[in-house]
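# Topology and contacts: notes
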Amino acid sequence: MDFVLWDHEIVFPDNMLDAYPEMRGVEYPYCFSHPLVFRFIDAKLDEFFARLPEVDGIDLTFAETHGYNLLEHGGCRCEKCTRLPIQEKVRRVIMAVYNACRRNGKRLEVRSYNQMPAHQAVMLAALRDLPKDIRIVTKNTIVDFRGTGYPDNPMLGAFPGQPELIELTACPEGSGYGYMPALLGDFYRDKIARVAAGRNLAGVALRVDYHLQYGHATFFTPGPPVMTFDTANDFNIVAASRLAWDPKSDVRQLFTGWARRRYGDNAARAGKALDRTAAISQGIFFVKGFSLLTHLNMVPHLQTIDDELKKSYLLEYFPDHPEYRGTYEALQSPSEGAIAEVVAEKQAAADAAEQSLREVAGLPDLERDFTTARNAALLWKDIAAAYFRLLRVEQGREDPAKLAAAVRTEIEDACRMEKESGERWPVYPAARGITAYDFAREVIERGKLCCISVPACR
Ligand SMILES: [Zn+2]
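Computed from a predicted structure; not experimentally measured.

## What about the overall build of the protein?
In terms of regular secondary structure, the protein is built from 18 helices and 8 strands. In terms of its C-alpha atoms, the protein occupies a principal-axis envelope of roughly 65 × 55 × 45 Å. The burial tally for the protein puts 42% of its 458 residues in the buried class.

Printed below as a string of structure tokens:
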């Protein structure tokens, strides 16, 4: 097995400009055109590989870089830098890292990841016709993982002649992040057999970690680290891995075999209960197919929902798609009927989770999992009702009575869940996001609801 390290470029040490003031840029900390930039990259990678010879290569990414963010910033405004298109800057860094990898006997992968259509265009140009041994890694859909219903990433297969990998998540991000079971065998089959094989991709890059427990300061759940392997989502790793070797693998057979190995004599009922989890997670975290009402599967600030509704990736990347546009407009000015439909999606998820919970009685891990899933469905039903009622109140289309009732229900449900399951997700965020109580406070404030308070849950 190879060990490849994820790397953002360009990131300089904090005191770089103290040591090399001549690198200072115009209207930007660093000048990209200064030759020290590339001497620095060369020296850094040579030193890195010398110190960690067991590393087999670099996986290079450009979005979300905290340093000299080539993809997302304009950067230095000097005459030389201004003349250089962004894709050329990105490409020069790729080639510098590639050459460093080669002279150290290592390999390079480059992620095409981007968060805006304009950046997508830059990456399409920057990654075209690179040396043939550079692998290109592209997420299954635009921007971040967003569950199972989002469209295929148009960049998949955009680099003929290059070994391309489809990037998938087994945790799975967007479908509950691993805080509840979401077994997505059919999704992996579709993405690997139809998309990866259909577009002649070379393979799959699968995220199997549960990295929020380590990577974000806000994570507070105590106890030992939990990996995807430790949860029922282990099946996602099994399914995606087997499908990567053979895209024609029968998901049903994989599932039955896996359930038998994991649950022994209880395999039939565990399997039946887990079979609903893809639909349950879809019902919780999506609103008519849009990822909405969540901050990466956590209870969100109201502003996060507003932003997602105003600037949905689906609309930004597919502006002319009539169905996305229609759904978006229906959600922006929600009718009674639209609210009822959204609430019904969440209720169906809660009912399915409740049914699974009954079926796994006596299996403690799965009882806990389906309690969590049911709680999440109920909580997001409340969040949906409160958010869309709030829009109607703000738009002057109804008085606040139904909004007040929705907030009261949300607070009561959250408190009941906390009493039952403790201070844990989904009432408390595991990373990012806010608590269900803070969400209620925000709705009360913005809806100008005068006579509701959020008591401490005791
Ligand atoms: Zn410059």
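The structure having been displayed, the exposition proceeds.
## Description of the domain arrangement of the protein
Interfaces are often sized by the accessible area lost when the parts come together. Each domain of the protein was delimited in the assignment, giving domain 1 (4-264) and domain 2 (277-446). Here domain 1 and domain 2 have C-alpha centroids that lie 30 Å from each other. Counting residues at the interface gives 27 residues for domain 1, matched by 25 residues for domain 2. By residue class, the composition of the side of domain 1 that touches domain 2 is 16 nonpolar, 9 polar and 2 charged.

## Comments concerning helix H4 (residues 86-103)
Over its 18 residues, H4 extends 26 Å from the first C-alpha to the last, a length consistent with the 26 Å expected when each residue adds 1.5 Å. Close packing links the buried residues of H4 with helix H2 (36-51), strand S2 (57-61), strand S3 (107-111) and helix H5 (117-126). Count one or two residues on from H4 and you reach glycine 105, which has phi positive near 70 degrees.

## Here's the deal with helix H14 (residues 322-332)
By the burial criterion, the buried members of H14 are Tyr324, Thr327 and Leu331. Down the axis of H14, the buried set is contained in an arc of 65 degrees. They therefore lie on one face. Opposite the buried face of H14, by more than 90 degrees, sit the exposed residues Pro322, Gly326 and Glu329. Structurally, H14 contributes buried residues whose contacts are with strand S7 (286-287), strand S8 (290-291), helix H12 (302-310), helix H13 (313-317) and helix H15 (336-359).

## Examining the packing of helix H6 (residues 185-196) against helix H8 (residues 234-245)
Direction vectors running N to C along H6 and H8 enclose 25 degrees, while the axes themselves pass 9 Å from each other. By the criterion of interaxial angle, the relationship of H6 to H8 is roughly parallel. Every pair of crossing elements has a handedness; the one defined by H6 and H8 is right-handed. Where H6 approaches H8, its residues Gly185, Tyr188, Arg189, Ile192 and Ala193 are matched on the opposing element by Phe235, Asn236, Ala239, Ala240, Leu243 and Ala244. Class assignment for the residues of the contact of H6 with H8 results in 8 nonpolar, 2 polar and 1 charged.

Rules behind the numbers
Residues numbered from 1 in each chain as written. Predicted model: local features only at pLDDT ≥ 70, side-chain atom pairs only at ≥ 80, totals over all residues. Helix = DSSP H or I, 4+ residues; strand = E, 2+ residues; numbered from the N terminus. Buried ≥ 20, exposed ≤ 12 C-beta atoms within 10 Å, placed from the backbone. Domains from an automatic or database assignment. Contact = placed C-beta atoms within 7 Å. Nonpolar A, V, L, I, M, F, W, Y, C, P; charged D, E, K, R; others polar. Expected span 1.5 Å × (residues − 1). Arc of directions from axis to C-beta. Axes fitted to C-alpha atoms, helices over the stretch in contact; angles between N-to-C directions. Parallel < 35°, antiparallel > 145°, perpendicular 65-115°, else oblique. Left-handed = near helix turned anticlockwise from the far one by under 90°.

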